[in-house]
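# Coordinates in review
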Amino acid sequence: MAKQHILVTGGAGYIGSHTCKVLAQAGLEPVVVDNLIFGHRDLVRWGAFEEGDLRDSAFLDRVFQTYQPVAVIHFAGYTYVGESVTDPAKFYANNVVAAMSLLDAMRRAGCAVFIFSSTCSVFGMPDQLPLSEKHPQAPISPYGQTKLVVEKMLADYERAYGIKHVVLRYFNAAGADPEGECGEDHDPETHLIPLALFTLMGRRNLLKIFGTDYPTEDGTAVRDYIHVMDLAEAHLLALRHLLEGGQSDAFNLGTGQGYSVRKIIQVAEAVTGLTMAVEEAPRREGDPPVLVSDSSHIFQDLGWKPRYSDIQSLVETAWRWHQNRHG
Ligand code: UDP
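Below is a short write-up of the structure. (Residues numbered from 1 in each chain as written. Predicted model: local features only at pLDDT ≥ 70, side-chain atom pairs only at ≥ 80, totals over all residues. Heavy atoms only, no water.)

### A word on unusual backbone geometry
Residues Leu129 and Pro130 are joined by a peptide bond in cis, for which omega reads -10 degrees. Among the secondary structure elements, Pro130 is positioned in the loop between β5 (113-119) and α5 (142-161). Cis peptide bonds are those with omega within 30 degrees of zero, and the linkage from Asp187 to Pro188 qualifies with 5 degrees. Counting through the fold element by element, Pro188 comes out in the loop between β7 (172-174) and α6 (192-201). Phi is positive for Leu36, which is not a glycine, with a value near 60 degrees. Assignment of secondary structure puts Leu36 in the loop between β2 (29-34) and β3 (48-51). The phi angle at Gln68 is positive, at roughly 50 degrees, despite the residue not being glycine. Positionally, Gln68 belongs in the loop between α2 (57-67) and β4 (71-74). A relative accessible area of 56% means that Gln68 is categorised as exposed. (Helix = DSSP H or I, 4+ residues; strand = E, 2+ residues; numbered from the N terminus. Buried < 20%, exposed > 50% of the residue type's maximum accessible area, 1.4 Å probe, protein only.)

Okay, here's the thing in structure tokens:
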């Protein structure tokens, strides 16, 4: 039997490339659609590549006709929260208009399975922790807002057009493929773990700690870091769930374990045997003190279990990747 094609938008990006690897290992055939604004051509290694923009309907129609994908995994989108405040138009265009264009192409092609990359930012400032799917959704950035709009759109598109979906709300993705074939490569890089590692490699002079007066054990913000391979596996499980006739659903996706900024610095120093200069800086606007996932829903319903997310492996795999990529 011919392999089933899975259309992966943003498949040349960080989480998308790891997911393509996991799909290929599971016997599926990823087809990457990416405009390469943030993606990297060399991270497309596990299937066909189509370069283009999701708002280009003719391009999408051609891709759907060529590959006849049985499902779409939609990673493509803009993620810089700060920029979403200063230039929301860019985010509505790339996150909302593009998703709608993609869903409409699916309707025309008769493709009815959709996995969506969402974020814990759809919840805004948490008032209960850990964060479960039942937490009220009140995003505080245009970025979070655009993701929530698509979540709502998906419910409406299912009711009216029968497109089934799984929404995966990521906490803090980190780490890299343990085999070193793909990893994180953002420009500009804003995330804690890569910036800590860049400082240890000497690519930066110091690491700023944003906020030391949070109501947490050591005063720094706590996040739920999840290994990108564990995230990738959750996409495979979500895909199987829908392809086997399961219902649409939304899942929070983290490990349930939080680490402070200072703890991450400590682990990064221990793993590498190096030390870094740090500077205590004011809080970053809009950063909640603690974000930790209640992932019991995905544990129970999809049988997902983090396998790579212990904090040492997370930092270690990222360290190996960055040394090879930039060393
Ligand atoms: N952070 C920091 N210094 C940095 C980058 C991030 O102290 O150079 C903090 C940030 O304020 C947050 C945590 O590290 O509390 C994780 O930030 P990141 O940007 O990696 O992910 P986010 O939680 O913002 O999605």
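### Some points on the site of the ligand
The environment of the ligand is formed by 15 residues, the closest being Leu192, Lys208, Phe210, Arg284 and Asp287. For the ligand, an oxygen atom lies 2.8 Å from a polar atom in the backbone of Leu192. In the model, an oxygen atom of the ligand is placed 2.9 Å from a nitrogen or oxygen of the Arg223 side chain. For the ligand, the protein covers 87% of the area, taking 510 Å² as the surface of the free molecule. The biggest single contributor to the shell around the ligand is strand β8 (residues 207-210), with 4 residues. In the shell around the ligand, the residues fall into 8 nonpolar, 3 polar and 4 charged. (Near = heavy atom within 4 Å. Polar contact = N/O pair within 3.5 Å; in protein donor to acceptor, adjacent residues only side chain to side chain. Areas by Shrake-Rupley, 256 points an atom, 1.4 Å probe, with all protein chains shown as cover. Nonpolar A, V, L, I, M, F, W, Y, C, P; charged D, E, K, R; others polar.)

### Some thoughts on helix α7 (residues 228-243)
The periodicity of an α-helix, 3.6 residues per turn, causes residues three or four positions apart to be oriented the same way. The terminal C-alpha atoms of α7, which comprises 16 residues, lie 23 Å apart, in line with the 22 Å expected from a rise of 1.5 Å per residue. Most of α7 is tucked away, with 12 of its 16 residues classed as buried. For α7, the complete set of buried residues consists of Val228, Met229, Asp230, Leu231, Ala232, Glu233, Ala234, His235, Leu236, Ala238, Leu239 and Leu242. Positive backbone phi, at 95 degrees, marks Gly245, one or two positions downstream of α7. (Expected span 1.5 Å × (residues − 1).)

### Some points on the side chain of Asp287
Position of Asp287 among the secondary structure elements: in the loop between β13 (278-281) and β14 (290-291). Among the polar contacts made by the side chain of Asp287, one reaches the side chain of Arg284 at a distance of 3.0 Å. Beyond its immediate chain neighbours, meaning those up to four positions away, Asp287 contacts Met125, Tyr214 and Arg223. (Contact = heavy atoms within 4.5 Å.)

### Details of the environment of Thr317
Position of Thr317 among the secondary structure elements: in helix α10 (residues 311-326). Owing to a relative accessible area of 6%, Thr317 belongs among the buried residues under this scheme. The residues touching Thr317, leaving out its near neighbours within four places in the chain, are Gly175, Ala176, Pro178 and His227. Side-chain polar atoms of Thr317 contact the backbone oxygen of Leu314, separated by 3.1 Å.

### A look at the sheet that holds β2
The sheet built from 7 strands is open, its strands ordered β3-β2-β1-β4-β5-β6-β11 with parallel pairing. The sheet is open, and its two borders are formed by β3 and β11 (249-253), each paired with just one other strand. Sheet twist, expressed as the mean angle between neighbouring strand axes with direction ignored, is 20 degrees. Alignment of strand β1 (residues 5-9) against β2, held across 5 bridges, turns out to be parallel. Its bridge partner being in β2, Val8 is matched across the sheet by Val32. (Pairing = 2+ DSSP bridges. Axes fitted to C-alpha atoms, helices over the stretch in contact; angles between N-to-C directions.)

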